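# Reading the structure
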Amino acid sequence: MRKKRFLTLTDLLVGSFLLLVCLFFVYRVKVGLNYNWAWDSIPQFIFRFDKENNEWVSGILMTGFYTTIRLSFWGIILATVFGVISGIAKTSSILFLRWLATTYVETMRNLPPLVIIFIAYFFVGDQLLAPLGIDDWAETFSPASQNILAIVFAKPGYLTSFFAALMTLAIFEGAYITEIVRAGIESIDKGQWEASHALGLTWYQQMRHIILPQTFQRIMPPMAGQFISLIKDSSIVSVISIQELCFQGIELMTSTLHTIEIWTVVTLMYLALTLPCSLLVERLETRLNLSLR
Amino acid sequence: MTEKKFGDYIINVDNICKTFPNGVKALCNFSTNIRRAEVVVVIGPSGSGKSTFLRCLNGLEEIDSGSIIFDGIPLDDDKNNRLKIRREMGMVFQSFNLFPHMTVLENVTLAQQLVRKSSASVAKSVSMELLEKVGIEDKVASYPAQLSGGQQQRVAIARALALKPKVMLFDEATSALDPEMIGEVLDVMKTLANEGMTMICVTHELGFAREVSDWVIFMDEGRIIEGGTAEHFFSDPKEERTKGFLNQIL
Ligand SMILES: Nc1ncnc2c1ncn2[C@@H]1O[C@H](COP(=O)(O)OP(=O)(O)O)[C@@H](O)[C@H]1O
Ligand SMILES: [Mg+2]
């Protein structure tokens, strides 16, 4: 069915109603709310001019934004790796692998994310990563490589907690990706397995050349949706003091009390990350529909 | 028909049984031997186990008992043997099962490169030759979805031939096709038969069976009811069930 592109009477009615609601909201804020507006103090939290070094530097919110981007970027890659591996395990003919992947998925899906964050963070961070001494090791790098490290992951001194948070996020989101991948693999026609089996392909070759390429094509839209969730969920690691966008917002809010201004900026920054993904999903979906016609 | 020279037995099927987990007995004490260059047509009512027989031959289904020996290699638990046998048998399915994410050419080259380790150029020239043979040479860059059913099935035959199999299995290769496309696929199959390919064809095309088959098997309820040369089989069937079935579909 083609979507209508012109406005109908209903659209106009709904539109004007929404406009009224907005006007009322603005009116309440203007008249009813006893609030000290301080928009002019906000820009310094985004970019500010450092007089000592005579250069522009990122403000607190901007550095939080960078950390959120870093977490999301690596999180998407790692969660996809976890999800694909355990999604394949879930469709395996080996009972033990299926059982292992199911346990993983069910644990992640049946616990509140906060609980997972605390358990995984302290286990991964203190037991697995801390003994590796990543931070001490990074301190010995040249300043140039330390800089690169800071751009790609985090500054020396923050690396262990960054990786722990990253792993936690990836493990958590990987569980949902597992289900997407499993459903995708199972949606591939049985005939594809049989035809490639008859050609004498090994299981690995079947997966690599026949099943997974078709699966990825098919699961692109739900995967992109999950990536958006991951970007949003990256805010939960603020509870373990990772200085991402939400953490910085909370810090600023308690110290300045400019609640509305700060969270408006934070909102816009999240939207700057998630909206392009959403648009991408829409594009992918129309392309997929076209190719299926 | 000119007399064909048959070789030794290439497939020995001895007393195999197949029961599905849901309790359906698809094959019971099924035995048959197939010689090189022989064209065997298998007919029988729906659900009689024809597909299961073909699928057991190339290991898509496991047999419960009995034995299958292919060209001296037993189809047993040995993974390597199973792989070897699959690679010597081409199979063509009712629903084509082409790989939709690959072009026609890629469909035919893939297994040559993965299984036979052919170089890209060799695989391509072999593929082009085969695609020419089945009359698809002008569609090599198309995707399966852009082809008609008859064209897809001819590509599927080329794909199965690409590994130079010793035996070709056809499971109702023309049943999913519109009537006007059946002929083009049957023509390819006839050409293959005349070139001396060993073929086992499950089909309802009795004209094809009469014309090219060396042996016709009638199956019902997982058993061979009757087998014979096309001549004898169609003009003078022995069993009541065979007569009934032939009357039904003629
Ligand atoms: N995977 C399966 N699981 C359970 N029963 C099956 C399966 N495949 C086939 N069958 C049953 O086995 C019998 C033989 O099937 P099949 O070999 O496909 O018959 P045909 O190809 O002659 O129509 C049928 O009764 C069918 O329902
Ligand atoms: Mg069948």
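Bear in mind that the values here come from a model prediction, so they are computed numbers and not experimental data.

## Here we look at the overall build of chain B
Across its full length, chain B holds 9 helices and 10 strands. Its C-alpha atoms give chain B principal-axis dimensions of roughly 55 × 45 × 40 Å. Put simply, chain B has 250 residues, and 56% of those count as buried. Sequence separation of at least 24 residues holds for 66% of the intrachain contacts in chain B that already meet a minimum separation of 6. Of the roughly 11,200 Å² of accessible surface on chain B, 47% is carried by carbon and sulfur atoms.

## Remarks on the packing of aromatic side chains
All names here are of chain A. Considering all chains together, one arrives at 15 aromatic pairs over all chains under this definition. Between the aromatic rings of Phe49 and Trp56, the centroid separation amounts to 5.4 Å while the plane-to-plane angle is 70°, which identifies the pairing as edge-to-face. We classify Phe49 as partly exposed; its relative accessible area is 37%. Judged by its relative accessible area of 61%, Trp56 is exposed. Members of the aromatic cluster, each reached through a chain of ring pairs, are Phe73, Trp74, Phe153, Phe162 and Phe163.

## Description of the environment of A:Thr140
Residue and element names in this part refer to chain A. Here Thr140 is to be found in the loop between helix H6 (134–139) and helix H7 (143–152). Taking the C-alpha atoms as reference, Thr140 lies 9.5 Å from Pro156; in sequence the two are 16 residues apart. Within the structure, the side chain of Thr140 is placed 2.5 Å from the backbone oxygen of Trp137, a separation counted as a polar contact.

## Describing the site of ligand 1
All names here are of chain B. Around ligand 1 sit Phe20, Asn22, Val24, Ala26, Pro45, Ser46, Gly47, Ser48, Gly49, Lys50, Ser51 and Thr52, and that is every residue in its neighbourhood. Here a nitrogen atom of ligand 1 and a side-chain polar atom of Asn22 are 3.4 Å apart. One nitrogen or oxygen atom from the side chain of Ser51 is found 2.6 Å from an oxygen atom belonging to ligand 1. Relative to its free-state accessible area of 560 Å², ligand 1 is covered by the protein chains to the extent of 64%. The residue inventory of the shell around ligand 1, partitioned by class, reads 4 nonpolar, 7 polar and 1 charged.

## With respect to the confidence of the model for chain A
The share of residues in chain A with pLDDT of 70 or more is 97%, and the mean pLDDT across the chain is 89. Across chain A, helix H9 (residues 190–198) of chain A holds the top mean pLDDT of 97, while helix H5 (residues 113–129) of chain A sits lowest at 84.

## Thoughts on a nonpolar patch on the surface
Residues and elements named next belong to chain A. On the surface, a nonpolar cluster with roughly 510 Å² of combined accessible area is contributed by Phe47, Phe49, Trp56, Tyr66 and Ile69. For the nonpolar patch, the elements supplying multiple residues, two or more each, are strand E1 (47–50) and helix H3 (60–90). Tracing the sequence through the fold places Ile69 in helix H3.

## A few points about H9(A)
Owing to its 3.6 residues per turn, the α-helix aligns residues three or four sequence positions apart on the same side. With 7 of 9 residues buried, H9(A) is to be regarded as a mostly interior element. By the burial criterion, the buried members of H9(A) are A:Gly191, A:Gln192, A:Glu194, A:Ala195, A:Ser196, A:His197 and A:Ala198. Against the buried residues of H9(A) lie helix H10 (203–233) of chain A together with helix H1 (50–57), helix H2 (79–88), strand E6 (89–92) and helix H5 (149–161) of chain B. A:Gly200 sits one or two residues past H9(A) and shows a positive phi near 85°.

## So, the interface of chain B and chain A
On the chain A side, the residues contacting the 24 residues of chain B number 18 residues. Between chain B and chain A lies a buried interface of about 1,700 Å² when both sides are counted; carbon and sulfur atoms form 61% of it. Here chain B and chain A share 1 salt bridge between them. Only H2, E6, helix H3 (104–115) and H5 of chain B provide two or more residues apiece to the side of chain B that touches chain A. Looking at which element gives the most residues to the side of chain B that touches chain A, the answer is H3(B), with 4 residues. Class assignment of the residues belonging to the side of chain B that touches chain A gives a composition of 15 nonpolar, 4 polar and 5 charged.

## A few points about the pairing of strand E3 (residues 39–43) of chain B
Residue and element names in this part refer to chain B. Counting buried residues in E3 gives 5 out of 5 residues, a clear majority hidden from the surface. Burial of the side chains of E3 extends over both faces: Val39, Val41 and Ile43 are buried on one face and Val40 and Val42 on the other. Two strands pair when backbone bridges link them, and E3 and strand E8 (residues 198–202) are joined in this way by 4 bridges, in the parallel orientation. Along E8, the bridge assignment pairs Val40 with Ile200. The sheet contact formed by E3 and strand E9 (residues 215–220) spans 4 bridges and is parallel. Residue pairing in the sheet places Val42 in a bridge with Ile217 of E9.

## Observations regarding the nonpolar core
By size, the foremost hydrophobic cluster in this structure holds 58 residues, and its most contacted members are B:Ile11, B:Phe53, B:Leu57 and B:Ile200. It is H10(A) that contributes the most residues to this core, 8 residues altogether. Among all residues touching B:Ile11, those that are not within four sequence positions of it are B:Thr32, B:Asn33, B:Ile34, B:Leu57, B:Ile69, B:Phe70, B:Val167 and B:Ile200. Formed by 50 residues, the second largest nonpolar core is a distinct cluster that contains B:Val134, B:Ile182, B:Phe218 and B:Leu246.

## Description of the packing of H3(A) against helix H8 (residues 159–186) of chain A
The angle between the axes and the distance between the axes are what describe a pair of packed helices. Residue and element names in this part refer to chain A. In the contact formed by H3 and H8, the axes pass within 5 Å of each other and the chain directions differ by 45°. Taken together, H3 and H8 sit at an angle that is classed as oblique. For H3 against H8, the interelement crossing comes out right-handed.

Conventions and cut-offs
Residues numbered from 1 in each chain as written. Chains lettered and ligands numbered in written order. Predicted model: local features only at pLDDT ≥ 70, side-chain atom pairs only at ≥ 80, totals over all residues. Heavy atoms only, no water. Helix = DSSP H or I, 4+ residues; strand = E, 2+ residues; numbered from the N terminus. Buried < 20%, exposed > 50% of the residue type's maximum accessible area, 1.4 Å probe, protein only. Contact = heavy atoms within 4.5 Å. Areas by Shrake-Rupley, 256 points an atom, 1.4 Å probe, with all protein chains shown as cover. Phe/Tyr/Trp six-rings, centres within 6.5 Å; stacked < 30°, edge-to-face > 60°. Polar contact = N/O pair within 3.5 Å; in protein donor to acceptor, adjacent residues only side chain to side chain. Near = heavy atom within 4 Å. Nonpolar A, V, L, I, M, F, W, Y, C, P; charged D, E, K, R; others polar. pLDDT = per-residue confidence, 0-100. Patch = residues over 30% accessible without salt bridge, like charges linked within 9 Å, V, L, I, M, F, W, Y side chains within 5 Å. Salt bridge = Lys/Arg side-chain N within 4 Å of Asp/Glu carboxyl O. Buried area = accessible area lost by both parts, 1.4 Å probe. Pairing = 2+ DSSP bridges. Core = buried A, V, L, I, M, F, W, Y, C linked by side-chain atoms within 4.5 Å. Axes fitted to C-alpha atoms, helices over the stretch in contact; angles between N-to-C directions. Parallel < 35°, antiparallel > 145°, perpendicular 65-115°, else oblique. Left-handed = near helix turned anticlockwise from the far one by under 90°.

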